[in-house]
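Close look at the chain arrangement
One-letter residues, chain by chain:
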Amino acid sequence: MARIRISELLNDGANLIGKKIEVKGWVRAFRSKRFVQLNDGSCMANIQGVIDYDNFDEAQLKAISTGAAVCLHGTLVESQGSGQAVELQVESFDIIGAADPDAVQKTILQPKKHSLDLLREQAHLRFRTNTFGAVFRIRHAASFAVHQFFNDKGFNYIHTPILTGSDAEGAGEMFRVSTLDPKSPPLDEAGGIDYSKDFFGKQVNLTVSGQLEAELAALGLGQVYTFGPTFRAENSNTSRHLAEFWMIEPEVAFNDLFDNMDLTEEFLKYICSYILEKCVEDLNFLDQRYTQEQSQKPQKDRSDLGLIESIQFITNNDFKRLTYTEAIDVLRNSKAYKKKRFEFPVEWGVDLQSEHERYLVEKEFKCPVILSDYPADIKAFYMRQNDDGKTVAAMDVLFPGIGEIVGGSQREERLDILKSKCKDFNIDEKELWWYLETRKFGTVPHAGFGMGFERLVMFLTGMSNIRDVIPFPRARDNAEF
Ligand code: 4AD
Ligand code: MG
């Protein structure tokens, strides 16, 4: 008899009634020595197995305990009880992997509400919970949707390197990769570490972004995207930062900043619609969870919308577009500013903090916002200089509850300006010779953006800590599992 997955069984229940079937999964609960709730991860719902205890001895029944892996054989019937349409009349069962009830007591497998902190400490087991089952199925669906979106538009998926000699963002938050002996590394004449003796003959780090390489590819293939891990030695121990996160970076030749904004908006709307359509059961569960969590917050911090409503809000509304300069005006004229509610300064030239971004999105415009044309000094060297000489063709997309979800720009395609930017930013032209060379041979305007995949999954699941949307989070002082 072939095993059937619970999702198929529940979708196709009507056709399977009266048939003999086999299901395998983990016991979520076993009530009255009669009703076993089995989950196999294929969906949120369990299948209920009904066991006639007179047919089995006590020891056999005892082995059906929470956390155990079992195989149930039986006939699918219409359910007698409420709560499920079909159930399995169990004729025989095998214990595939037992679970010691005393040991289970100490884990999150015990069926009751556990704090997210505890679930994080047991990240090896949290896949077995309803919440994390839903989160990781949605994470999967969203990554599939990313590929679908770009494939349908004729983009090529590019695998950019994880080990790199360049610092694309110039933020200096890179993890060094070296095979030198840390106790006695070779030294150069000045007494510094001699990386020419290292594995790659130069200093190499884990990449912070695949953008520079994606640009090279776009300047031949036309339109490309990356979807890979990126690494930042961020010291900021926040609920929105990871040291290892996944980024999606499309790059398009001949696009300007406005085309870039259109692409971002279309992309974000597509992913949101996809999840609304394909992940109904998981979203309903997380929507309830989210509403419950909101109700425990002080009134002023509560979101007006439920989880599903906030995702629908993205698909149904145009994003508000304004420049950084306009945003500074809006902020300085706000009640919050006048009443000194912002912790950080609001002045032209200063980077916006998350409190400012969230004010614009959640209080002022009450919709996603695309901010553009930031001061050159606070953005990366590769962003295209505007005619005013002070700002660059940058854009950030700000989302409710999240803040910055996307950062992008039109790139500087003019060699002379790019070279002078390298000088301003203290970047050695020799290190980036390959990047600069693309501006010598048929240079064209081009643009792209980077979306932090975990920030998107936070938005889609309503989870408020980024560590709960990646299976094994990597952050300061945290690399367990
Ligand atoms: O704004 P960032 O630094 O932009 C870039 O890396 C560009 N190279 C993108 C491009 O134009 N191709 O990062 C892009 C996005 C941010 O908007 C944010 O969503 C996410 O990456 N991000 C992080 N997510 C989790 N943890 C961190 N430490 C993150 N840093 C950035
Ligand atoms: Mg950014």
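Residues numbered from 1 in each chain as written. Chains lettered and ligands numbered in written order. Predicted model: local features only at pLDDT ≥ 70, side-chain atom pairs only at ≥ 80, totals over all residues. Heavy atoms only, no water.

1. So, the pairing of strand 2 (residues 35-39)
Most of strand 2 is tucked away, with 4 of its 5 residues classed as buried. As paired strands, strand 1 (residues 20-31) and strand 2 are joined by 5 bridges and run antiparallel to one another. Its bridge partner lying in strand 2, F30 is registered against V36. With antiparallel pairing between neighbouring strands as the criterion, strand 1 and strand 2 make up a hairpin whose turn holds 3 residues, including S32 at a positive phi of roughly 55°. (Buried < 20%, exposed > 50% of the residue type's maximum accessible area, 1.4 Å probe, protein only. Helix = DSSP H or I, 4+ residues; strand = E, 2+ residues; numbered from the N terminus. Pairing = 2+ DSSP bridges.)

2. What about the pairing of strand 13 (residues 369-375)?
Across the 7 residues that make up strand 13, a large majority, 7, are buried. Two elements, strand 12 (residues 320-323) and strand 13, share 4 bridges in a ladder whose sense is parallel. Looking across to strand 13, one finds that R321 is bridged to I370. Pairing analysis gives 6 bridges linking strand 13 to strand 14 (residues 391-399), with the strands arranged antiparallel. Bridge pairing in strand 14 links V369 to L398.

3. Topic: the domain arrangement of the protein
Partitioning the protein into domains gives domain 1 (6-103) and domain 2 (130-157 + 248-468). Contact between domain 1 and domain 2 buries roughly 490 Å² in total, counting both sides, with carbon and sulfur atoms accounting for 49%. Counting the surface domain 1 buries against domain 2, the share from its top three residues, R28, C43 and M44, is 82%. Where domain 1 packs against domain 2, one counts 0 salt bridges. Between the two partners, domain 1 and domain 2, sit 4 residue pairs in polar contact (both at pLDDT 80 or more). Residue classes in the side of domain 1 that touches domain 2 are distributed as 3 nonpolar, 2 polar and 1 charged. (Domains from an automatic or database assignment. Buried area = accessible area lost by both parts, 1.4 Å probe. Salt bridge = Lys/Arg side-chain N within 4 Å of Asp/Glu carboxyl O. Polar contact = N/O pair within 3.5 Å; in protein donor to acceptor, adjacent residues only side chain to side chain. Nonpolar A, V, L, I, M, F, W, Y, C, P; charged D, E, K, R; others polar.)

4. Brief notes about the site of ligand 1
Near ligand 1 you find 24 residues, and of these E169, Q211, R232, E249 and E404 are the closest. Between R232 and ligand 1, the recorded distance is 2.8 Å, taken from a side-chain N or O atom to an oxygen atom. Contact between ligand 1 and I405: an oxygen atom at 2.9 Å from a main-chain N or O atom of the residue. Starting from 630 Å² of accessible surface for ligand 1 in isolation, the protein chains cover 93%. Sorting the residues of the shell around ligand 1 by element identifies strand 11 (244-253), strand 15 (403-410) and strand 16 (446-452) as the ones contributing at least two each. The element contributing the most residues to the shell around ligand 1 is strand 15, with 5 residues. Classifying every residue of the shell around ligand 1 by side-chain character gives 8 nonpolar, 8 polar and 8 charged. (Near = heavy atom within 4 Å. Areas by Shrake-Rupley, 256 points an atom, 1.4 Å probe, with all protein chains shown as cover.)

5. Looking at the sheet that holds strand 9 (residues 204-206)
The strand order across the open sheet built from 3 strands is 7-9-8, with neighbouring strands paired in antiparallel fashion. Edge positions in the sheet fall to strand 7 (163-164) and strand 8 (176-177), since each has one partner strand and no second. The pairing of strand 8 with strand 9 spans 2 bridges and is antiparallel. Pairing of V177 across the sheet is with V204, part of strand 9.

6. Structural notes on the nonpolar core
Within the largest apolar cluster, 88 residues are counted, with the highest numbers of intra-cluster contacts made by F267, I275 and L460. No other element matches helix 6 (residues 130-152), which puts 11 residues into this core. Counting contributing residues per domain, this core is built from domain 1 (6-103) and domain 2 (130-157 + 248-468), each supplying no fewer than three. If near-sequence neighbours (up to four positions away) are discounted, I275 is found in contact with I138, A141, A142, L283 and L460. (Core = buried A, V, L, I, M, F, W, Y, C linked by side-chain atoms within 4.5 Å. Contact = heavy atoms within 4.5 Å.)

7. Observations regarding the packing of helix 11 (residues 324-332) against helix 13 (residues 354-365)
Axis separation between helix 11 and helix 13 bottoms out at 11 Å; the angle between their running directions is 75°. By the angle between their directions, the pair helix 11 and helix 13 is classed as roughly perpendicular. For the pair helix 11 and helix 13, contact is made by A327, V330 and L331 and by H356, Y359, L360, E364 and F365, respectively. Residues that form the contact of helix 11 with helix 13 fall into these classes: 6 nonpolar, 1 polar and 1 charged. (Axes fitted to C-alpha atoms, helices over the stretch in contact; angles between N-to-C directions. Parallel < 35°, antiparallel > 145°, perpendicular 65-115°, else oblique.)

8. Things to note about the sheet that holds strand 2
Strand order in the closed barrel formed by 5 strands is 1-2-3-5-4, and the pairing between neighbours is mixed. On average, each strand axis in the sheet is inclined to that of its neighbour by 55°, with strand direction left out of account. As defined by bridge partners, strand 4 (residues 69-78) adjoins strand 5 (residues 86-97) across 10 bridges and the pair is classed as antiparallel. Looking at strand 5, one finds that V77 is bridged to E87.

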